[in-house]
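For reference, the chains in residue letters:
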2 protein chains.
Amino acid sequence: MDTRVDGPATRAMCEALDAADPLRDFRQRFASDGSGRIYFDANSVGAMPATVPERMAAFFEQQWMQARRQGWNGYPWLERPRQIGANFAHLLGAAPEDVIACDNTSVNLLKVLAAAWAARPHGRFRILTERSNFPTDIYIAEGLGRFIGEGFELVLADSREELLDRLDESVAAVSLSLVDYRSSERWDMARTSARAREVGALTVWDLSHAAGAVRVDLMGDGADFAVCCGYKYLCGGPGAPSLVWIHPRHQNASWPLIAGWMGHGDVFAFAERYQPATGIVRQLTGTPAVIADEVLHAASEIWRDVDPALMEAKHRSLGDLLIRLLDQECGTFGVELNSPREHARRGGHISFRHPGAGSIVEALLEARVVGSFRKPDSIRFGIGALYLSHVDVWDAVQRLRAILAEERWRDPRFKKVSV
Amino acid sequence: MDTRVDGPATRAMCEALDAADPLRDFRQRFASDGSGRIYFDANSVGAMPATVPERMAAFFEQQWMQARRQGWNGYPWLERPRQIGANFAHLLGAAPEDVIACDNTSVNLLKVLAAAWAARPHGRFRILTERSNFPTDIYIAEGLGRFIGEGFELVLADSREELLDRLDESVAAVSLSLVDYRSSERWDMARTSARAREVGALTVWDLSHAAGAVRVDLMGDGADFAVCCGYKYLCGGPGAPSLVWIHPRHQNASWPLIAGWMGHGDVFAFAERYQPATGIVRQLTGTPAVIADEVLHAASEIWRDVDPALMEAKHRSLGDLLIRLLDQECGTFGVELNSPREHARRGGHISFRHPGAGSIVEALLEARVVGSFRKPDSIRFGIGALYLSHVDVWDAVQRLRAILAEERWRDPRFKKVSV
């Protein structure tokens, strides 16, 4: 799916690319409202698996209502965290038994930062991150640090260069989002992990804007800890449980900070004292979010069938095409790319700038294109590779072009500014 | 609803009590499968609000599928944690603005224990609890203690007497389940809190087997911190988010241990540093479990309309009747009460013993009565006061009586032992 042929891109070219797309049938596995809306908001909330409404109706009627007493034994409620993790593991470059779904990303970040802190080499006192990291990633580290008190320091680097400069023998762990939530800029996980290893520091990766869009290879790239949002590219539903992964060498190294009963080695022994389960399972906390898990599980069953190499190729093809079309169709209207052009340096979304970004996003919504506005002047198009086509990209850019060409976004009714 | 009239209780008496029940119409607000099954498992998973299937179908179609981009702004997804808390607050004796729904009970326990630790008087080093407390309540305290390390001690008392004896000036906080998950024995919150206050210790209450069954008065009884399961008596659905309450005097006293972005004073400022929100809201962590919240919210809208005094009177009437009928109908078959007879000393369920308990629960299931077995020999009937009637209690005990009288439970097919 090479979109970099000579001459201007055309809709016919997009149709040809779609006809040759090996993942084209996955589109049917997601719900469509038949409205012709084009959803570029995988960075916010991914599309709904088509089976969700029926599956959840059956859950309510057959599991909760008719036989709920059987729940904890008769249904796979307590197995879901492992099953979901196993279904997503190949997208992360992880073994199926090393990933679980539970809690939210902030809570899972606390767990892995605490585990990294426990596993740090003697004498280390710094957690190093970027000032531009997603806010909760910074806040959670700060909160943990305040609880630890003396002997903990959180360092915020102002740039990637500064971060690498400060990555020295004082650093316990470096905590990074693999893909920046604003620019979509991607870290090189292999090189960064290697740099950290050279100085004996551990790496904590937040994969929220990467997994389900670009290939992640936690094991191959030498990562130590990772968390991932379940509701963006992974399509697990608004507020879905999050994924957590710990390299096997660290899994049993420390007592979990949130030592809840679901992480006990023998949950239904109701033992008096905690005995952590072996492996990633000890990071489970309390009762799983059974209903939310059921929805996320539906998504994971789709992803289980996806070859990550094909996913990445499709995502790249759509992203390259979007950039090319933004240049070709909208460049003269003041649209400027805000994400790396090089595929290896970007993640799940494409961000571009225009002074009227807030109003343009509203005008796009009316034109049935769903993107997201990020203050002060950016528009993000999050690319869901399993349900978007090259023709979708073409059509969306044409609608954007019309809004810009006709200056439709200047209409006062689009003044409402979203966040 | 006084069930303690002279002579043996009769079905006619139960019918009369139901006719006079001021809460009888609430039964219609819960789903029924029309099977005639009687659910005594509110201690495990409470009944499903009747609106849930339709409401969730609409959620999937209108919110997630058709317009998900509008979600974080256009729908009340981020308001739900507060709205749900406010709807349940009167059941807890709390102000509406002091309760929120989020995470699970284990995670919320960690938060309040950490907050209690931060708020403890100088020089205190002990968390005091019961050895018979619900396992996760002990494990979470232990996990926190191991993270704190030196200067922390977890003390497990072998009896309530021993606990009160050990409640001295060394104790930072006493962590108790208001109602015991096995025996249903209830602590006297007012007296225990007063005892703790005398020695300057803080109180942390887990209300999971109490709220929605007996009146709780956190403010009136002098509690400091509380958490509550959302899926038992409160009927929020399997694995529902949990409630958390902190006395206003402690809410702003410390940095939350899980300082996630939803607890920031200005969530969408995407500020570089964490600035905790004022009040209980700072205990929010990451993105709310939107789908699970929607279900719990449906339950909270029922409870919002319930007068806690009427709830307690109805629950007491059903519990007193169950005890009376177990004596009257099943006493000769070796059934022994395992919960306090006195209403003020018990919580949401009635536990009773029989050597064949495991098989009896299975035989009851076949007879369309849903209870739960607890090793080695106990049966628990959790009483959902909003959807059970006195006639249900009568009919359930008659079915139990028949199983015992005919020794039906000895049938080998009931040997399957549930947990």
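Everything in this summary refers to the structure shown in the same document. Here the structure is a predicted model, which means the values were calculated and not measured. (Residues numbered from 1 in each chain as written. Chains lettered and ligands numbered in written order. Predicted model: local features only at pLDDT ≥ 70, side-chain atom pairs only at ≥ 80, totals over all residues. Heavy atoms only, no water.)

**Regarding the environment of A:Pro412**
And step 1. Tracing the sequence through the fold places A:Pro412 in the segment after helix H13 (390-405).
And step 2. Owing to a relative accessible area of 64%, A:Pro412 belongs among the exposed residues under this scheme. (Helix = DSSP H or I, 4+ residues; strand = E, 2+ residues; numbered from the N terminus. Buried < 20%, exposed > 50% of the residue type's maximum accessible area, 1.4 Å probe, protein only.)

**Describing the packing of helix H11 (residues 308-330) of chain A against H13(A)**
Residues and elements named next belong to chain A.
And step 1. The interhelical angle for the contact between H11 and H13, taken along N-to-C directions, is 25 degrees, at an axis separation of 10 Å. Classified by the angle between their axes, H11 and H13 sit roughly parallel to one another. Once H11 is placed against H13, the crossing between them reads as right-handed. On the side of H11, the interface is formed by Lys314, Ser317, Leu318, Leu321, Leu322, Leu325, Leu326, Gln328, Glu329 and Cys330, while H13 contributes His390, Val393, Trp394, Val397, Gln398, Leu400, Arg401 and Leu404.
And step 2. Per-class residue counts for the contact of H11 with H13 are 11 nonpolar, 4 polar and 3 charged. (Axes fitted to C-alpha atoms, helices over the stretch in contact; angles between N-to-C directions. Parallel < 35°, antiparallel > 145°, perpendicular 65-115°, else oblique. Left-handed = near helix turned anticlockwise from the far one by under 90°. Contact = heavy atoms within 4.5 Å. Nonpolar A, V, L, I, M, F, W, Y, C, P; charged D, E, K, R; others polar.)

**Structural notes on the relation of the copies chain B and chain A**
And step 1. Between the two copies, chain B and chain A, the superposition gives an RMSD of 0.0 Å; the rotation angle is 180 degrees and the shift along the axis is 0.0 Å. The superposition operator between the copies reduces to a two-fold rotation axis. Closest to the rotation axis within chain B is the C-alpha of B:Ala292, separated from it by 2.9 Å.
And step 2. Interface residue correspondence from chain B to chain A reaches 100%, placing this contact among same-surface, isologous pairings. (Least-squares fit on C-alpha atoms with pLDDT ≥ 70 in both.)

**Considering the packing of helix H5 (residues 105-119) of chain A against helix H6 (residues 135-148) of chain A**
Residues and elements named next belong to chain A.
And step 1. Where H5 meets H6, the closest approach of the two axes is 9 Å, and the angle between their N-to-C directions is 50 degrees. Taken together, the axes of H5 and H6 are oblique relative to one another. As for the relative orientation of H5 and H6, their crossing is right-handed in sense. The segment H5 lies against H6, with Ser106, Leu109, Leu110, Leu113, Ala114 and Trp117 engaging Thr136, Asp137, Ile140, Ala141, Leu144 and Ile148.
And step 2. Looking at the contact of H5 with H6 residue by residue, the classes come out as 9 nonpolar, 2 polar and 1 charged.

**A few points about the sheet that holds strand E2 (residues 99-102) of chain B**
Residue and element names in this part refer to chain B.
And step 1. Taken in spatial order, the 7 strands make up an open sheet running E2-E8-E7-E6-E5-E3-E4, and their pairing is mixed. Of all the strands in the sheet, just E2 and strand E4 (153-157) have a single pairing partner and so form its edges. Each strand axis lies, on average, 20 degrees off the axis of its neighbour in the sheet, ignoring direction.
And step 2. One ladder, built from 5 bridges, connects strand E3 (residues 126-130) with E4; its direction is parallel. Following the sheet pairing, Glu130 is matched in E4 by Ala157.
And step 3. Sheet strands in contact with helix H4 (residues 80-92) are E2 and strand E8 (242-246), and its direction is about 125 degrees off that of E2. (Pairing = 2+ DSSP bridges.)

**Re the sheet that holds strand E4 (residues 153-157) of chain A**
Backbone hydrogen bonds hold the strands of a sheet together, and the pairing may be parallel or antiparallel.
All names here are of chain A.
And step 1. What the 7 strands build is an open sheet, ordered E2-E8-E7-E6-E5-E3-E4; its pairing is mixed. Two strands in the sheet have a free side with no partner beyond their single neighbour: strand E2 (99-102) and E4. Shown here is a sheet whose adjacent strand axes are inclined to one another by a mean of 20 degrees, direction ignored.
And step 2. Summarising the sheet, strand E6 (residues 202-206) and strand E7 (residues 225-228) pair through 3 bridges and their orientation is parallel. Looking at E7, one finds that Asp206 is bridged to Val227.
And step 3. Helix H4 (residues 80-92) contacts E2 and strand E8 (242-246) of the sheet and is inclined by roughly 125 degrees relative to E2.
And step 4. Contacting E2, strand E3 (126-130), strand E5 (171-177), E6, E7 and E8, H5 crosses the sheet at an angle of about 175 degrees to E7.

**Side note on the pairing of E8(B)**
All names here are of chain B.
And step 1. Most of E8 is tucked away: 5 of the 5 residues are buried.
And step 2. Strand direction decides the pairing type here: E2 and E8, joined by 4 bridges, are antiparallel. Bridge pairing in E8 links Cys102 to Ser242.
And step 3. Inspection of the sheet shows strand E7 (residues 225-228) paired to E8 by 4 bridges, in the antiparallel sense. Note on E8: the bridge partner recorded for Phe225 is Ile246.

**A short note on the interface of chain B and chain A**
Interface size, as often reported, equals the accessible area lost upon joining of the parts.
And step 1. Across the boundary between the two partners, chain B contributes 89 residues, which contact 89 residues of chain A.
And step 2. Counting each side, the surface lost to burial between chain B and chain A is near 7500 Å², with a carbon and sulfur contribution of 65%.
And step 3. The interface formed by chain B and chain A contains 4 salt bridges.
And step 4. We note a salt bridge from B:Arg273 to A:Glu142, for which the minimum N-O separation is 3.6 Å.
And step 5. Across the chain B-chain A interface, the total number found is 18 residue pairs in polar contact (both at pLDDT 80 or more). (Buried area = accessible area lost by both parts, 1.4 Å probe. Salt bridge = Lys/Arg side-chain N within 4 Å of Asp/Glu carboxyl O. Polar contact = N/O pair within 3.5 Å; in protein donor to acceptor, adjacent residues only side chain to side chain.)

**Some points on the environment of B:Pro276**
Residues and elements named next belong to chain B.
And step 1. Residue placement: Pro276 occurs in the loop between helix H9 (248-251) and helix H10 (290-303).
And step 2. Note on Pro276: relative accessible area 11%, which makes it buried.
And step 3. Taking the C-alpha atoms as reference points, Pro276 and Leu310, 34 residues apart in sequence, are found 38 Å from one another.
And step 4. Setting aside anything within four residues of it in sequence, one finds Pro276 in contact with Trp255, Pro256, Gly263, Gly265 and Arg282.

**With respect to the packing of aromatic side chains**
And step 1. As enumerated under the stated definition, the model contains 34 aromatic pairs over all chains in all.
And step 2. Aromatic side chains B:Phe60 and B:Trp64 sit 6.4 Å apart centroid to centroid with 50 degrees between the ring planes, which places their arrangement in the tilted category. Of this pair, B:Phe60 and B:Trp64 are both found in helix H2 (residues 52-67), 4 residues apart, which corresponds to roughly one turn of the helix.
And step 3. The class for B:Phe60 is buried, based on a relative accessible area of 2%.
And step 4. Look at B:Trp64 and you get buried, because its relative accessible area is 0%.
And step 5. Each ring, one from B:Tyr75 and one from B:Trp77, has its centre 5.7 Å from the other, and the planes form 20 degrees; the classification is stacked. For the residue pair B:Tyr75 and B:Trp77, the accessibility class agrees, reading buried in each case.
And step 6. One aromatic cluster in this structure is built from A:Phe59, A:Phe60, A:Trp64, A:Tyr75 and A:Trp77.
And step 7. A cation sits over an aromatic face here: A:Arg146 above B:Trp255, 3.5 Å from the ring centre.
And step 8. The lysine or arginine in question, B:Arg374, covers the ring of A:Phe270, its NZ or CZ lying 4.2 Å from the ring centre. (Phe/Tyr/Trp six-rings, centres within 6.5 Å; stacked < 30°, edge-to-face > 60°. Lys NZ or Arg CZ within 6 Å of the ring centre and 35° of its normal.)

None of this, on its own, says anything about what the molecule does.
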